[in-house]
Amino acid sequence: MPTDSPAPADTPRTPPAPAAPVPAPFPERAALPDPGPAPTLRDPDAQAPGPGGPAPATPRGYRAVFAVAEFRAVFAAHLLSLLGVVVSELALTVLVYDLTGSPLLSALTFALGLLPYIVGGTLFAGVADRYPARRVLVVCDLLCAACVAVMLVPATPVAGLLALRCLVAAIAPVFTGTRMAALTDILGEGDLYVLGRSLLRIVSQSAMLIGFGAGGMLLTVLSPRGAITVTVVTFLCSAALLRFGTQDRPARATTGEGASAGGTLLKESLSGARLVLGDRRIRALMLLFWLPAMFVVAPEALAAPYADAIGASPAALGLLLCAMAVGHIGAELFVGSALSPRNRSRIVLPVATVGLLPLLVYAVGPGLPLALAALALAGAGAAYVIGLDQWFVDAVPQELRGRAMTLLTAGLMTVQGLGMALAGLAAEFFPVHQVVAGSGIIGTVCTLLLVAEVRRTDPRRMSYTEERDGADRHVTSR
């Protein structure tokens, strides 16, 4: 399970100045006094001079993110726990198959890593704002370590293994949402936050490539339970890094909108979901995270039958499964390091609009080279998310941020699982290549409709419309 770091509570939208450099405040906050040394500007192409003269050279891009000590702890914890999760998923699948001989139960072990997300993300989202972020992150890691430790007990039945798998998956969205919200306190709400989120996404994509390989090698020298032991250690190391490597900050919403001192956790969680989804702008941005992801998983879900249809080898199947992740990592690194925040914002809607079009190549039943190129391009289309991260954190009030990001994570995992299931169902009635191409067409149409809604809810566009309407009314009143 991923890992992150703390978040403040009942402070105004402007985050407190952390110990390390943070992005400059938003334009409307520029009049506030500077609490310390000149911060890194939201636009990395310009720097503010220090109080005594020209500012010393400071790291930019991803290097600036790693210059923040707290983020280094969060990053290391995320890497450790994520690798542990990937290894445990593979080992647990093998263990369940060894105990039952059932391919269905073995496959269900993987599916249970996605399905409980919506439960945990909806019912327990209030935890992310109600309690101090560092405490939430550490407790989540310790709970996951305890669940995995029980899996190691030989007397644990298969039903118990699956139930523990569900519990870990239900904890994951609370952990991830809290971490995402906490990053705004460690890195600020500007460019450093966007690049920090980008780095954690890159790690997640890379872990899928590295973790399964590492898990496979571990299973050649260890039993499945022995490999699962590695996950217990990684969770405990992650908890220690977060506990001693990040600051303790107060809860972000002990009182206020969506939270009450005497309110139950369930009530706060559901209230937060209602407030988040009830906001037209936030809802549109959240759907822009979800919908393309729902359709882009079709070729991965159907990689095995497609490889069989074109007579590809098992090694080629591995390439089909890796191609999209490779494209995603490459594009995200380029956009994060080569483009300014303004240009990242400019490409969000155009890239989201065309991101699924490479899947149309499947309409002609392409061979392996062309299919790999299409998958890499489809993966690269996810680079629009870097700019979308900034839009989302700007749109969500601070007191709702933990719940909003928990819901975002839960929904993202759920729609991907739903997309895989729908692709598999469609492939029962239509050729695999037509299903993948159809996913590209339907997904592009849905994204176009969603992009129009995002444009309509743009605060700058709405402000201009309101000013124009006010001017029209003024002229008419004359």
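Above this text is the structure in question.
Throughout what follows, the structure given in this document is the object of discussion. These numbers were taken from a predicted model, which means no experiment stands behind them.

1. Comments concerning the overall build of the protein
Helices and strands together make up the secondary structure of the protein, namely 20 helices and zero strands. A total of 478 residues make up the protein; the buried ones form 50% of that total. Accessible area for the protein stands at about 20,500 Å²; split by element, carbon and sulfur atoms hold 69% of it.

2. Observations concerning helix α2 (residues 69-100)
Over its 32 residues, α2 runs 47 Å from end to end, which matches the ideal 46 Å to within 8%, given 1.5 Å per residue. Two residues or fewer after α2 comes G101, characterised by a positive phi angle close to 70°.

3. Things to note about the environment of R403
Looking at the secondary structure, you find R403 in helix α18 (residues 401-426). With 276 residues separating them in the primary sequence, R403 and V127 have C-alpha atoms 7.9 Å apart.

4. What to know about a nonpolar patch on the surface
A cluster of nonpolar side chains, contributed by V354, L357, L360, I441, I442, V445 and L449, occupies part of the molecular surface with about 600 Å² of accessible area. On the secondary structure map, I441 appears in helix α19 (residues 432-456).

5. Points about the packing of aromatic side chains
Applying the stated criterion across every chain yields a total of five aromatic pairs. Pairing F66 with F71 gives two aromatic rings, centres 5.8 Å apart and planes at 65°, and the pair type is edge-to-face. Residue F71 is classed as buried on the basis of its relative accessible area of 0%. Ring geometry for F71 versus F75: centroids 6.1 Å apart, planes at 40°, classification tilted. Within this pair, F71 and its partner F75 are both found in helix α2, separated by four residues, close to a single helical turn. Counting every residue linked through ring pairs, the aromatic cluster contains F66, F71 and F75.

6. Here we look at empty space enclosed by the protein
Under the counting rule described, the total for this entry stands at three cavities of 30 Å³ or more. Forming the boundary of the largest cavity are V85, S88, E89, L92, V148, M151, R165, V168, T231 and F235. Mapped onto the lining of the largest cavity, the elements with two or more residues apiece are α2, α6 (133-151), α7 (158-187) and α9 (224-245). Per-element accounting of the lining of the largest cavity gives the leading share, four residues, to α2. Residue composition of the lining of the largest cavity, by class: six nonpolar, two polar and two charged.

7. Some details on the environment of L95
Topologically, L95 is positioned in helix α2. Take L95: its relative accessible area is 5%, and that puts it in the buried class. Sequence separation of L95 and L161 is 66 residues, and the distance between their C-alpha atoms is 9.5 Å. In this structure, L95 is in contact with L161, P224, R225 and I228, ignoring residues within four places of it in sequence.

8. Observations concerning the packing of α2 against α9
The contact between α2 and α9 brings their axes to 8 Å, and the two run at 160°. What the angle tells us is that α2 and α9 run roughly antiparallel. Two packed elements cross with a definite hand, and for α2 against α9 that hand is left-handed. A per-class count over the contact of α2 with α9 returns 19 nonpolar, seven polar and three charged.

Rules behind the numbers
- Residues numbered from 1 in each chain as written.
- Predicted model: local features only at pLDDT ≥ 70, side-chain atom pairs only at ≥ 80, totals over all residues.
- Heavy atoms only, no water.
- Helix = DSSP H or I, 4+ residues; strand = E, 2+ residues; numbered from the N terminus.
- Buried < 20%, exposed > 50% of the residue type's maximum accessible area, 1.4 Å probe, protein only.
- Areas by Shrake-Rupley, 256 points an atom, 1.4 Å probe, with all protein chains shown as cover.
- Expected span 1.5 Å × (residues − 1).
- Patch = residues over 30% accessible without salt bridge, like charges linked within 9 Å, V, L, I, M, F, W, Y side chains within 5 Å.
- Salt bridge = Lys/Arg side-chain N within 4 Å of Asp/Glu carboxyl O.
- Phe/Tyr/Trp six-rings, centres within 6.5 Å; stacked < 30°, edge-to-face > 60°.
- 1 Å grid on protein atoms, 1.4 Å probe; cavity = no way out; pocket = protein on both sides within 12 Å on 5 of 7 lines; lining within 4 Å.
- Points joined across faces, edges and corners; volume = space filled by probe spheres on them.
- Nonpolar A, V, L, I, M, F, W, Y, C, P; charged D, E, K, R; others polar.
- Contact = heavy atoms within 4.5 Å.
- Axes fitted to C-alpha atoms, helices over the stretch in contact; angles between N-to-C directions.
- Parallel < 35°, antiparallel > 145°, perpendicular 65-115°, else oblique.
- Left-handed = near helix turned anticlockwise from the far one by under 90°.

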